[in-house]
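# Observations on the three-dimensional arrangement
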Amino acid sequence: MAASRIVIENCAIATVDANDTEYASGYVVVADNRIESVGAGTAPAGLENVVRRIDGTGHLVTPGLVNTPHHFYQWIPRGLATDHNLFNWLVALYPTGARLDEPMARAAAQGSLAMMARGGVTTAMDHHYVYPQGSGDLSGAIIGAASEMGVRFTLARGSMDRGTSDGGLPPDFAVESLEGALAATEATIDKHHDASFDAMTQIAVAPCSPFSVSTDLLSQGAELARRKGVRLHTHGSETVEEEEFCKELFGMGPTDYFESTGWLGSDVWMAHCVHMNDSDIAAFARTGTGVAHCPSSNARLAAGIARVPDMLKAGVPVGLGVDGTASNESGELHTELRNALLINRLGPHREAALNARQALRLGTYGGAQVLGRADQIGSIEAGKLADLVLWKLDTLAHSSIADPVIALVFGAAAPVTLSLVNGKTVVEDNHLTTVDEDAIARSARDEAQRLARIAAQG
């Protein structure tokens, strides 16, 4: 059967390939779910079976954005504990979030996914680690929401086995046993993980954090992931309190502790990594361990400024992340391009910290790297999957900025005229095409109110 083609032309293009190739006016040809060609000028003549031809005048085409950490369930309890640091924020939120059930998880996933997809995210990731007893199939609800939305998705199947009675932060009723967490994680991999080139759903092994899981869960989780051939994800070095916790409990800092449990490697990525010294960064670079940078969440929780310029210089793979919407209420990744650039310029490197093109790379190719999919997504190159975003830059908000990449990163959030995932339309004229946004909003509001009632009953 002949391939169906979509042609986008007359647009600026930032490919984010190894050479940062850009075209002031060019074209992209999509054949089924792959990028067939990209170049300057007009598309090749004589293309067959063109089902859609798009005039991209006034637009910029980039790879789809890749979100590297999120906690979808936090769409329900967002807007709470707005003046807390991380540990106090967690303690404040756990009693509410730990009462999550399947309908809540689905509504929260729909809300989180909708905000990201509408803002140019084509590959999403959710680190879900709260599995209260009797809560239903939470992983299935989250995966189902992503499938319905039509975005590419990684579920990092999280877990916690260190409750308050064992010196952890989460309440005991919200944690799993070591054996139960490992068995449930393996079952999720067996049921949902797709290792194919164009996979829409993948699973990672993701014990939550050093202060909510046992050493056995970390080490045995790493063994499970490598036996199954999937990636590993957790939180690392987010706050000074975490470092003090690790030194007090384990006699070493977070990075040394992770290395001792098998949690450094090219198949691992960690969220935050704010408090990293030179030897920590060198260890990440030596092992190929990735970092998910969450500038807005780190600022919201007063965690600090991650040393992203130093990580990039050392060769550490770095992507961008929204993080949970209880610590980044906007839930939008495209605003993180700007925030990553601006916040890092407050650090010691000042104006030389990041530029617009480095920020765009973090949100696209960098994210693909840390998810282990850089050969499939993250740049516009022939043979890669057709995950693309057409940003509208000819409105009042950007009309006087000549450089389209600078307009996208430094300027106001740009409308999305078209977003393709796997060659299929997910966003058109700044609206989702696969789901009803209003229905999602109503469902999320109703479930948030139900959760609040349940939490109030104790």
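Here the structure is shown first, and the text comes after it.
Residues numbered from 1 in each chain as written. Predicted model: local features only at pLDDT ≥ 70, side-chain atom pairs only at ≥ 80, totals over all residues. Heavy atoms only, no water.

## What about the nonpolar core?
Formally: Here, nonpolar core refers to any group of buried Ala, Val, Leu, Ile, Met, Phe, Trp, Tyr and Cys residues whose side-chain atoms link them within 4.5 Å. Buried, partly exposed and exposed residues are distinguished by accessible area as a fraction of the type maximum, computed with a 1.4 Å probe on protein chains only: under 20%, between the cut-offs, and over 50%, respectively. Only DSSP runs of H or I with at least four residues qualify as helices, and only runs of E with at least two residues qualify as strands; both kinds are numbered from the N terminus onward. Working rule for contacts: check all heavy atoms of both residues, and any pair within 4.5 Å makes them a contact.
Within the largest apolar cluster, 110 residues are counted, with the highest numbers of intra-cluster contacts made by L113, M149 and M311. Per-element accounting of this core gives the leading share, 9 residues, to helix α2 (residues 102-118). Filtering out sequence-adjacent residues up to four positions away, M311 remains in contact with C273, M276, I281, V291, A306, V316 and V318. I13, V30, V61 and L388 belong to the second largest nonpolar core, which has 15 residues in total.

## Some thoughts on helix α3 (residues 138-149)
Two residues of an α-helix separated by three or four positions point the same way, owing to the 3.6 residues in each turn. How we decide: Multiplying one less than the number of residues by 1.5 Å gives the expected span of a helix.
If you check α3, its first and last C-alpha atoms are 17 Å apart, about what 12 residues at 1.5 Å a residue would give, namely 16 Å. Within α3 the residues assigned to the buried category are L138, S139, A141, I142, I143, A145, A146 and M149. A positive backbone phi angle near 90° is found at G150, which sits one or two residues after α3.

## Points about the pairing of strand β9 (residues 201-207)
Note the cut-off: What makes two strands pair is DSSP finding at least two bridges between them.
Within β9, 7 of the 7 residues are buried, which leaves the element mostly enclosed by the surrounding structure. The alternating pattern of β9 places T201, I203, V205 and P207 and Q202, A204 and A206 on opposite faces, both of which are buried. Alignment of strand β8 (residues 152-159) against β9, held across 7 bridges, turns out to be parallel. Residue pairing across strands places A156 opposite A204, the latter belonging to β9.

## A word on the sheet that holds β8
Using the following cut-off: Axis definition: a line fitted to C-alpha atoms, limited for helices to the stretch in contact. Angles are taken between N-to-C directions and run from 0 to 180 degrees.
Pairing within the open sheet is parallel, and its 8 strands lie in the order β6-β7-β8-β9-β10-β11-β12-β13. Looking at the sheet topology across the chains shown, the edges are occupied by β6 (65-66) and β13 (318-320). Of the pairings in the sheet, the one linking β9 to strand β10 (residues 231-236) comprises 2 bridges and is parallel in character. Across the sheet, V205 pairs through a bridge with L232, a residue of β10. Docked against the sheet, α3 engages β7 (121-128), β8 and β9, running at close to 165° with respect to β8.

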